[in-house]
Every structure is written in C-alpha cells, then in structure tokens.
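Residue-level structural notes
This is what each chain is made of:
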Amino acid sequence: MPKQTFFNLPEHKKKKLLESAEMEFARVPLFEASIANIIRMAGISRGSFYQYFEDKDDIYIYLVDEKVKTAIIYFIGLLEKHNGDLIEALTEMYYYFLYSFSDEEEKHLLRNALLFTTYRVESSFTSMLEKYLQNEHFKLVEGLINKDRLNISEDKDLLHIFKLVSGLAFNNLIEKTVKGLTDEEAMESFKRSMYLIKHGIYKQENEK
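Reference entry: report on the structure contained in this document. Bear in mind that the values here come from a model prediction, so they are computed numbers and not experimental data.

Comments concerning a nonpolar patch on the surface
Residues Tyr195, Leu196, Ile201 and Tyr202 make up a contiguous nonpolar surface patch of roughly 500 Å² in combined accessible area. Tracing the backbone shows Ile201 in the segment after helix H11 (183-199). The exposed category is assigned to Ile201, whose relative accessible area is 71%.

Take a look at the structure:
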C-alpha cells in the first residue's frame, strides 16, 4: 500500500500519478508495465515514485483497492433499493460492474487484470476481499440484508455466500474476455448462475 509520503501529496498530484498508472496498466499486462512510462506520464522522477510506492504491484493493488471501496458504497445503495434482497442486489451490482467499463481503456484494463494477474496480486485480491468482508462496511451491509429469505444457520455463512458469488463473477468475466462474449451474453450467464444459487440445484422434496 502507499507510503505516507503519497498521502501527503496535493490531490491533483495524487490524481495525476494514479491516472498515469491506470493508463499504463490498460496498455499492457501488469508484468509488462513500465514504471518508466508511469513516471513519464505523471511528470515525476523514479526516486519520487519509490517514495510513494514499493513497486508497480503496490500501486496496482492500491488502484484496485480504491475501486473496491467505491463498489461497496454502491452495493449498500443497491441493498436499500432492493429491500435487502441479496441476489437482486448482487445481480444489479454485476450489471453495474460490467457496464461501468464503457470505454476502450477501461476494457483493456479489465482484460489485463483478469488474464495476467500475478500470484502476488491474486493473493492480495483474496486478502482484500476477506478484509472487506470483516470490516465495518460489511457489518453495515450485513444489517441491510433480509436474512429471513436466506437458508443460512449462522451469520458467518454470509461470508461464504459473498466469496461464492465473487468467484462466479470473476470466472464469468474471464469467460467473457476469453470467448469474446457480448455484455448481454455475459450478463445472461451471470443471471443464470444467480438463479441456480437462489433456487438451488436440487429439487425440493415436494417437487420430486
């Protein structure tokens, strides 16, 4: 994560550095990304970069972390909109995520993130998810969910639900990228997954 010197920067300088990094990560996968290009676009020296971040993985992870924070705030609003219906909120959240990558640069950034993630970054994603699923934001989310509609025995089962759905969403996006699915085809595939989670893959006793 960023060093304190980064947070001490004026807002316009932080924004310029992060925008430069995003442009580079959209241009090429993380392992091919060049700190030289980032600092050239940001107008800073290499020494300054290392005063702010450990390496390019560090700034990449921070960028993703910031996007996750924004997504959580949006998801809280969706839970309120859907009166605590977790599946409906998650489905619309996926729709928002899918269509938020509207321009070519954002689509390239997503593609590179999905197909060329390093082990370190993947581990950080997992840790990041677990961190958010156990902090105060998740407690707020948990309080908005209508648990009467869920077949769970303990509140901690919600963590498993979120991990399951995030895994499905991640795989769905990879399939979209690899197979060249349209946004509509990817959305339909995700809706099908959500339907099976909501209704189960086994028939109920009275349906046999």
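Moving on from the model shown.
Some points on the packing of aromatic side chains
Counted by the stated rule, this structure contains eleven aromatic pairs. Between Phe49 and Tyr50 the ring centres are 5.4 Å apart and the planes differ by 90°, which places this aromatic pair in the edge-to-face class. Among the aromatic residues, ring-to-ring pairing joins Phe6, Phe7, Phe49, Tyr50, Tyr52, Phe53 and Tyr62 into one connected group.

Re the packing of helix H2 (residues 11-27) against helix H3 (residues 35-42)
For the pair H2 and H3, interaxial distance at closest approach is 8 Å and the crossing angle is 140°. As judged from the angle between their axes, H2 and H3 are oblique. Classified by chirality, the crossing of H3 by H2 is right-handed. For the pair H2 and H3, the contacting residues are Lys16, Leu17, Ser20, Ala21, Met23, Glu24, Phe25 and Arg27 in the first and Asn37, Ile38, Met41 and Ala42 in the second. Partitioning the contact of H2 with H3 into residue classes produces seven nonpolar, two polar and three charged.

A short note on the environment of Ile59
Within the element layout of this structure, Ile59 appears in helix H5 (residues 56-81). The residues contacting Ile59, other than those within four sequence positions of it, are Leu17, Leu18, Ala21, Phe25, Phe49 and Phe53.

Section: the pattern of salt bridges
In this structure the tally under the stated criterion is nine salt bridges. Lys3 is paired through a salt bridge with Glu54; the nearest N and O atoms lie 3.9 Å apart. A residue pair is termed long-range when its members are at least 10 positions apart, and Lys3 in the segment before helix H1 (4-7) and Glu54 in the loop between helix H4 (46-52) and H5 qualify at 51 residues. Judged by relative accessible area, which is 29%, Lys3 ranks as partly exposed. Each of the salt bridges in this network shares a partner with another, and the network as a whole consists of Asp85, Glu88, Arg149 and Lys198.

Quick word on H2
Here H2 spans 24 Å end to end across 17 residues, near enough to the 24 Å set by a 1.5 Å rise per residue. All of the buried residues along H2 are Lys14, Leu17, Leu18, Ser20, Ala21, Glu24, Phe25 and Ala26.

Some remarks on the packing of helix H10 (residues 157-179) against H11
For the pair H10 and H11, interaxial distance at closest approach is 10 Å and the crossing angle is 155°. In terms of orientation, H10 and H11 fall into the roughly antiparallel class. Here H10 and H11 pass one another in a crossing that is right-handed. Between H10 and H11, the residues in contact are Leu164, Val165, Leu168, Ala169, Asn172, Glu175 and Lys176 and Asp183, Ala186, Ser189, Phe190, Ser193, Met194 and Ile197, respectively. Grouping the constituent residues of the contact of H10 with H11 by class yields eight nonpolar, three polar and three charged.

Rules used in this analysis
Residues numbered from 1 in each chain as written. Predicted model: local features only at pLDDT ≥ 70, side-chain atom pairs only at ≥ 80, totals over all residues. Heavy atoms only, no water. Patch = residues over 30% accessible without salt bridge, like charges linked within 9 Å, V, L, I, M, F, W, Y side chains within 5 Å. Areas by Shrake-Rupley, 256 points an atom, 1.4 Å probe, with all protein chains shown as cover. Salt bridge = Lys/Arg side-chain N within 4 Å of Asp/Glu carboxyl O. Helix = DSSP H or I, 4+ residues; strand = E, 2+ residues; numbered from the N terminus. Buried < 20%, exposed > 50% of the residue type's maximum accessible area, 1.4 Å probe, protein only. Phe/Tyr/Trp six-rings, centres within 6.5 Å; stacked < 30°, edge-to-face > 60°. Axes fitted to C-alpha atoms, helices over the stretch in contact; angles between N-to-C directions. Parallel < 35°, antiparallel > 145°, perpendicular 65-115°, else oblique. Left-handed = near helix turned anticlockwise from the far one by under 90°. Contact = heavy atoms within 4.5 Å. Nonpolar A, V, L, I, M, F, W, Y, C, P; charged D, E, K, R; others polar. Expected span 1.5 Å × (residues − 1).

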